[in-house]
Amino acid sequence: MTYLTHKDKIFIAGHKGLVGSAIMRNLESKGYTNIVTKARNELDLLDQHAVKDFYRREKPSVVFIAAAKVGGIYANSHFRAEFIYENLQIQNNLIWGAYEFDVHRLVFLGSSCIYPKEAPQPIRENCLLTSPLEYTNRPYAVAKIAGIELVSSLRAQFKRDFFAAMPTNLYGPHDNFHPKTSHVLPALLRRLVEAKENDEKRITVWGTGRPQREFLYSDDCADALVHMAEKISESDFDKILNTPPYWCSVNVGGGDEVSIRELAEMIAKEVEFSGKLEFDPSQPDGTMRKLMDSSLLVKWGWKPKITLEQGIRDTINWYKKNRNRYQVAAC
Ligand code: GFB
C-alpha cells in the first residue's frame, strides 16, 4: 500500500509558501523527520533537467506539490501569460518526474477557482469543465485543470497513486501580503492594520463587496492533505477516478463562507479600525460565489478545526510580528 508513513522520504515543493509551510508544520507536528525541501535558488522548478536530477539524487517516495505561481484577482488578470506558462512548467516537471522516478504517492493542488464561474453551489468534484471558466483567472485555471488531467491519466494508465486536492480560498502565515498581487484576505488585513496604525478615516475595498468566499486556514488545509496521504487507500482514490467524469480530485473546504463586505468588517473589528469601508465597483468582483461540497472529505473522517474569526486573529498576529522581516512576495 502507498499510505504515507514515517518510513517515507517526503518532498514538499514550495515549502516556504502559504500551503507548503503549513504542510511542513503539520508533518513535523506528527513526528515526520525525513523531509526534503529545496529553496528557489537551490532548485529551479521551471527547469525540467534540474527537477529530474533532483528526483534521481534524492529519490523521495512521497511528494506534496505546494509550489505554483499564485495570486489574487489582480495578479491573475494582469500576468495571464506567466500564470499559465509557469504553472504548466512547474507541475509538468514535478508530476512527470515523480512518475519517472517511482514516487509512490503524490498530492497535486488545484483550487476552487478552477471550477466553472456559474457552477451549481455547493460545487461538487464532478463539476469540473462543465461550463465556462471565470475570465479573470482562466490561464491559471486551465493550467491547474491540465495538472489534474495529468495526475488522473498517470493514475489510469500507469496505476500511479497520484491524486489532486481542490482547496478553497486559503489564508494564514507566510501568505503573500503584497498590496496588489495578494488574495483578498491578506490584502484587506494588511490595509486595515496599516489604516488603524496611521489613523486613517477610510479604506478602499475592491469591487461591490457582494461576492462570497469560503475561507479555510492554511493549517487546516495542510491537515486535510496529510490526512488523505496517510489514511485514504489507493482503491478509494481509484473509485473517484472510475466515476464519471473520471477525475481524481477531492474538494478541501468546509471553511466559513462570508461576503467580501462581511470579511472586511470582521477584519476591521479585529484590528479596531472604525473608519469607513469604501467599495470601488470599478474593480472586478470575479466569481460571485464558489462554495465547495466537501462531503467526500468529511466521509473520509476529516473536518476543519480553525474558525475564520480565530484564523484572522492568528494571521493578524503573525503579520504584525513578521512584516518587517518578511519580504512582501511579488507575484
Ligand atoms: O482572493 P481574490 O483576489 O481572488 O478575491 P478570487 C477577489 C475578490 O475579493 C473580488 C475582492 O471580489 C475582489 O473584488 N477584493 C476586495 C479584493 N478587495 C480586494 C483586495 O484588496 N485584493 C484582492 N485580491 N481582492 C482567486 C483566483 O479568485 O481564488 C486565484 O484568482 C486563486 O487563482 C484563488 O485560485 C483561490 O477568490 O476571486
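Each residue is numbered by its place in its chain's sequence as written, counting from 1. The predicted nature of this model means local features are confined to residues of pLDDT at least 70 and side-chain atom pairs, given and counted, to a pLDDT of 80 or more, with totals for whole chains, interfaces and linings taken over all residues. As a rule here, side-chain values come from all non-hydrogen atoms in the structure, and water together with hydrogens is ignored.

**Description of the environment of Phe-163**
Argument step 1. Relative to the helices and strands, Phe-163 is located in strand β5 (residues 162-167).
Argument step 2. Classification of residues uses two cut-offs on accessible area relative to the type maximum, computed with a 1.4 Å probe and protein chains only: under 20% is buried, over 50% is exposed, and between them is partly exposed. Given the relative accessible area of 0%, Phe-163 is considered buried.
Argument step 3. Considered as a pair, Phe-163 and Asp-238 are 75 residues apart in the sequence and their alpha carbons are 9.4 Å apart.
Argument step 4. For this analysis, residues touch if any pair of their heavy atoms sits within 4.5 Å. Leave out the neighbours within four places in its chain, and Phe-163 touches Arg-105, Leu-106, Val-107, Phe-108, Val-151, Arg-155, Met-228, Ala-229, Phe-237 and Cys-248. A run of H or I in DSSP becomes a helix once it reaches four residues, and a run of E becomes a strand once it reaches two; helices and strands are each numbered from the N terminus.

**Things to note about the packing of helix α9 (residues 260-271) against helix α11 (residues 308-322)**
Argument step 1. To get an axis, a line is fitted to the C-alpha atoms, and for a helix only the part in contact is used. The angle between two axes follows their N-to-C directions and goes from 0 to 180 degrees. Remark: α9 packs on α11, axes separated minimally by 10 Å, with the N-to-C direction vectors making an angle of 55°. If you check the angle between α9 and α11, you find them oblique. Crossing of α9 over α11 shows right-handed handedness. Residue-level contacts link Leu-263, Met-266, Ile-267, Glu-270 and Val-271 of α9 to Leu-308, Glu-309, Ile-312, Arg-313 and Ile-316 of α11.
Argument step 2. Residues belonging to the contact of α9 with α11 are distributed by class as follows: 7 nonpolar, no polar and 3 charged. Just so you know how the angles are binned, under 35 degrees is roughly parallel, over 145 roughly antiparallel, 65 to 115 roughly perpendicular, and the rest oblique. Helix crossings get a hand from a simple test, with the near helix turned counterclockwise from the far one by less than a right angle marking a left-handed crossing and a clockwise turn marking a right-handed one. Here the nonpolar group is Ala, Val, Leu, Ile, Met, Phe, Trp, Tyr, Cys and Pro; Asp, Glu, Lys and Arg are the charged ones; every other residue, Gly included, is treated as polar.

**A short note on the site of the ligand**
Argument step 1. In the neighbourhood of the ligand, 24 residues make up the surrounding shell, with Cys-113, Arg-191, Arg-213, Pro-284 and Asp-285 lying closest.
Argument step 2. Between Asn-76 and the ligand, the recorded distance is 3.3 Å, taken from a side-chain N or O atom to an oxygen atom.
Argument step 3. Any pair of N or O atoms that falls within 3.5 Å is considered a polar contact. Within protein, one atom must be able to donate a hydrogen and the other to accept it, and sequence-neighbouring residues count only if both atoms are side-chain atoms. One of the side-chain nitrogen or oxygen atoms of Asn-169 is found 2.8 Å away from an oxygen atom of the ligand.
Argument step 4. All accessibility values rest on the Shrake-Rupley procedure with a 1.4 Å probe; residue burial counts only the protein chains present in the view. Within the complex, 97% of the 700 Å² of free accessible area of the ligand lies under protein.
Argument step 5. Listing elements by their share of the shell around the ligand, those giving two or more residues are α3 (73-78), α6 (184-197) and β7 (202-206).
Argument step 6. With 4 residues, the single largest contributor to the shell around the ligand is α6.
Argument step 7. When grouped by side-chain class, the residues that make up the shell around the ligand number 11 nonpolar, 9 polar and 4 charged. By convention in this text, a residue qualifies as near a molecule or strand provided that one of its non-hydrogen atoms is within 4 Å of it.

**A word on the state of the cysteines**
Argument step 1. Cysteine sulfur atoms that pair up within 2.5 Å are treated as a disulfide. Taken as a whole and assessed by the stated rule, the structure comprises 0 disulfides.
Argument step 2. The cysteine Cys-248 is free of any disulfide, with Cys-221 supplying the nearest cysteine sulfur at 16 Å.
Argument step 3. Its relative accessible area of 0% is what places Cys-248 among the buried residues.

Keep in mind these values describe shape, not function.
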